[in-house]
Amino acid sequence: MTERDALVTSAPATAVPRWPGGRERWDAWALGVFAVALLVVLGWRFLADPTLSAPTRDPAWYTWRAQVILDADPGDVAAPWGPDDLFSGGYRVAVPLAGALLQRVADVDRYTFSALLMLGVPILTGLALGVALFRSRGDRLVVCTTLLASAALFLTTPYVGYLDNIMVLLLLSLTIPFLHEARTSWGARTALFLIGVVAAFTHPTTCVVYGVCLLAVFGWHLLTSRFRLGSALRADAPMLLATGTGMIVGLACWVVGIWGVPASLQEAALPPPYTAAFFAQRLAEWVGSLRPAVVVPLSLVAVGSTIVRARRTRTPARTEELASIWWMLAFAGALTVLTGAAIPYYRFMNASAAPMALAGLGAAVAVRWGLRGKGLRLVAGALVGLVAIGSLGWLLWDGLQHRWVSEQNQWANQSVRTSLAAVRTVVDASGDDRAIVLLANFRDTDDETGTNTGYGWAKTYTNVFRTGLGGDQVRRQVTYFGSVESFRALEPTDGASEGYDETSLRHFCELVGSRAEPACLENPGDPPIVGRLETYPDDPVVFLIGQYYGGTVQRRSVRRG
């Protein structure tokens, strides 16, 4: 057997590193203290000001869906919602279900559970990845550095606020410690299957990306074993079958309708109708927030050390390291920007937790290497290790200062929550037979990319508004996007851009239906749209929240057509 064969064929069964006992138990305690310390660092602002809600605006969507599970038929959460299914999520129910359980079992407030998830997921993901790398390297330091890298990188733009994305990354990170052991252990295979099922109910598109990355691991083994199919199958077939079967079973439940309502897999991802220039600009922002000057060098160190270690020991790298490396393949999806097509290129970036694993491993390798020398070499090496750890600390500080929760960066500040409490009081007193209308209006001009973002603002404001309602009241809610004057005339608002006009019309159609507004149907043979005012013919209950109403710049006409 050549040296190359030794590097790429299946590794013999080896003892999995165990956490040592005796005196070194203190290291486990130190890790626990470090994890709690990071949790306090992330949660300090919530402790200092309990009125703060989670950062960004995305958590609102999960919050009102949790209320639907609690207060209405749970199957309703998987049904179509909004104009053109704007608010639908299919069976992406893991996060709202977790929120409902936290509220019902732990008596957590509806405005709090999203913050708890955003605090817990980075720590748990870091521990999962750290344990996986510990099983591979047998170095306790890598658990701490990976935990630090996870806490820091989850504060970057691709991850903050996207609860489904970070939750599925936690679940997929939990699979990595079991991938190698699945070769011989039915317990590991069972864990992979069950995690795969839950992941399919969290974010299917990320599951598909992860599946492709695991196939890449198999392809790598096949290629480097000189196309010995049996060897590659023995190494990877168990993990692929266990994980893939779990995900397929979960996705099949979407189509079958496990809660009585079948859902289309297309509802797993609904891209906004924006321009390619907008998506390209957003991609540049996301890439910059990851601080490539820090993450890329540490990741290269991790990859390089894996290669060097395999060659030195003449044994193949374990699956935990290979899966972490090949998970970076998800970022290749961002290269679709080169096609010029109007698709959200940047969303491939939060389909991977590889930067956390590789940055953590790279930092640990740098520290260990730096402490191996003597004299001046030891001093220089210590500085290298200090820079590696310090760079992760700076990433954490940068995220806390610029992208983490603050009075300005939260999805429902105290003023909005007070307004929503008043809304709930009025709605409760109005009876169950009246439509609930939110008047919202913002940005009817195009930005520098030629994109009107009225679509996104209508979605955001509606999601936040619905969090103030009971889950059994959300079905009566509808948003009118436009001016008060046009609403009083019961007509859509004509703004200064086509994007604004389309948003206003689609929401107007949900209000009045296609019988009152024939323009709602793109083709005469399309199924009719039943408006809220048809379903609930009594006078609607109408709300205008000042922060959600910005007026229009101009109107091209008083009435369409």
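Predicted model only: the values in this text are computed from it and were never measured. (Residues numbered from 1 in each chain as written. Predicted model: local features only at pLDDT ≥ 70, side-chain atom pairs only at ≥ 80, totals over all residues. Heavy atoms only, no water.)

1. Here's the deal with the overall build of the chain
- Scanning the chain from terminus to terminus reveals 20 helices and 3 strands.
- Radius of gyration (C-alpha) of the chain: 26 Å, near the 24 Å computed for a compact globule of 561 residues.
- Each principal axis of the C-alpha atoms in the chain carries an extent, and together these give about 80 × 50 × 45 Å.
- Counting every position in the chain, which comprises 561 residues, the buried fraction comes to 54%.
- A sequence separation of at least 24 residues applies to 78% of the contacts in the chain between residues at least 6 apart.
- For the chain, the accessible area works out to roughly 24,000 Å², and carbon and sulfur atoms hold 63% of it. (Helix = DSSP H or I, 4+ residues; strand = E, 2+ residues; numbered from the N terminus. Rg over C-alpha atoms; globule rule 2.2 N^0.38 Å. Buried < 20%, exposed > 50% of the residue type's maximum accessible area, 1.4 Å probe, protein only. Contact = heavy atoms within 4.5 Å. Areas by Shrake-Rupley, 256 points an atom, 1.4 Å probe, with all protein chains shown as cover.)

2. Focus on empty space enclosed by the protein
- Evaluated as defined, the whole model comprises 1 cavity of 30 Å³ or more.
- One number sums up the size of the largest cavity: a volume of about 50 Å³.
- In terms of lining, the largest cavity is formed by M118, P122, F154, L155, Y159, V160, G161, I166 and W404.
- A class-by-class count of the residues in the lining of the largest cavity yields 8 nonpolar, 1 polar and no charged. (1 Å grid on protein atoms, 1.4 Å probe; cavity = no way out; pocket = protein on both sides within 12 Å on 5 of 7 lines; lining within 4 Å. Points joined across faces, edges and corners; volume = space filled by probe spheres on them. Nonpolar A, V, L, I, M, F, W, Y, C, P; charged D, E, K, R; others polar.)

3. Regarding the pairing of strand β1 (residues 434-441)
- Along β1, 7 of the 8 residues are buried, which leaves the element largely enclosed by surrounding structure.
- By the bridge criterion, 6 bridges tie β1 to strand β3 (residues 538-549) in an arrangement that is parallel. Pairing of I436 across the sheet is with V541, part of β3.
- Two strands pair when backbone bridges link them, and β1 and strand β2 (residues 477-481) are joined in this way by 5 bridges, in the parallel orientation. When the bridges of β2 are listed, A440 appears paired with F481.
- Read from β1 through helix α17 (residues 454-466) to β2, the crossover connection turns out right-handed. (Pairing = 2+ DSSP bridges. Right-handed = clockwise from strand over helix to strand, strands pointing away.)

4. Topic: the state of the cysteines
- For the coordinates displayed, the defined rule picks out 1 disulfide.
- Bridging C509 to C520, the disulfide has an S-S length of 1.9 Å. Torsion about the S-S bond of the C509 and C520 cystine: about -100°, corresponding to left-handed handedness. Of the two residues, C509 is situated in helix α19 (residues 498-512) and C520 in the loop between α19 and α20 (532-535); the sequence distance between them amounts to 11 residues.
- Its relative accessible area of 2% is what places C520 among the buried residues. (Disulfide = S-S within 2.5 Å.)

5. Points about unusual backbone geometry
- Look at R291: it is not a glycine, yet its phi comes out positive at around 55°.
- Position of R291 relative to the elements: it lies in the loop between α11 (276-289) and α12 (292-313).
- R291 sits in the partly exposed class, given a relative accessible area of 26%.
- One non-glycine residue, L490, adopts positive backbone phi at about 55°.
- Residue L490 is classed as partly exposed on the basis of its relative accessible area of 42%.

6. Some remarks on the environment of Y455
- By secondary structure assignment, the location of Y455 is in helix α17.
- Its relative accessible area of 18% is what places Y455 among the buried residues.
- Y455 sits 47 residues away from E502 along the chain, and the two C-alpha atoms are 8.4 Å apart.
- When near neighbours in sequence (up to four residues on either side) are disregarded, Y455 contacts L86, L270, P271, P272, P273, Y274 and T503.

7. Some details on helix α6 (residues 141-153)
- The terminal C-alpha atoms of α6, which comprises 13 residues, lie 18 Å apart, in line with the 18 Å expected from a rise of 1.5 Å per residue.
- Counting buried residues in α6 gives 12 out of 13 residues, a clear majority hidden from the surface.
- Taken residue by residue, α6 has L141, V142, V143, T145, T146, L147, L148, A149, S150, A151, A152 and L153 as its buried positions. (Expected span 1.5 Å × (residues − 1).)

8. Observations regarding the nonpolar core
- Counting residues in hydrophobic clusters, the biggest one holds 151 residues, and the most contacted among them are W327, L396, W404 and F465.
- When residues no more than four places from it in sequence are discounted, the contact partners of L396 are L38, V41, L42, L148, A151, A152 and L155.
- Residues V437, L439, L511 and V512 belong to the second largest nonpolar core, which totals 8 residues. (Core = buried A, V, L, I, M, F, W, Y, C linked by side-chain atoms within 4.5 Å.)

9. Digging into helix α10 (residues 229-256)
- Between its first and last C-alpha, α10 extends only 35 Å over 28 residues, short of the 40 Å set by a 1.5 Å rise per residue.
- Once α10 ends, the next one or two residues include G257, with phi positive near 85°.

10. A short note on the pattern of salt bridges
- Under the definition given, this model contains 15 salt bridges.
- The shortest N-O distance in the salt bridge between R403 and D398 comes to 2.5 Å. Across the pair, D398 and R403 agree in class, each one buried.
- D428 is the partner of R424 in a salt bridge, and the nearest nitrogen-oxygen pair spans 3.1 Å. Of this pair, R424 and D428 are both found in helix α16 (residues 414-429), 4 residues apart, which corresponds to roughly one turn of the helix.
- R424 gets classed as partly exposed once you look at its relative accessible area, which sits at 25%.
- Several salt bridges converge on common partners, so that one network encompasses R135, E181, R318 and E320. (Salt bridge = Lys/Arg side-chain N within 4 Å of Asp/Glu carboxyl O.)

11. Quick notes on the packing of helix α7 (residues 163-179) against helix α13 (residues 319-326)
- At a closest axis distance of 8 Å, the pairing of α7 and α13 adopts a crossing angle of 145°. Here the hand of the crossing between α7 and α13 comes out right-handed. Along its contact with α7, which presents I176, P177 and L179, the element α13 presents T319, E320, A323 and S324. (Axes fitted to C-alpha atoms, helices over the stretch in contact; angles between N-to-C directions. Left-handed = near helix turned anticlockwise from the far one by under 90°.)

12. Section: the packing of aromatic side chains
- Counted under the stated rule, the structure contains 26 aromatic pairs.
- Judged by centre distance (5.1 Å) and plane angle (70°), the ring pair of W61 and Y62 falls under edge-to-face.
- Measuring from centroid to centroid gives 5.5 Å for W457 and Y461, while their planes differ by 35°, and the two rings are tilted. Note that W457 and Y461 are positioned in helix α17 at a spacing of 4 residues, about one turn of the helix. Here W457 and Y461 have matching classes, each one buried. (Phe/Tyr/Trp six-rings, centres within 6.5 Å; stacked < 30°, edge-to-face > 60°.)

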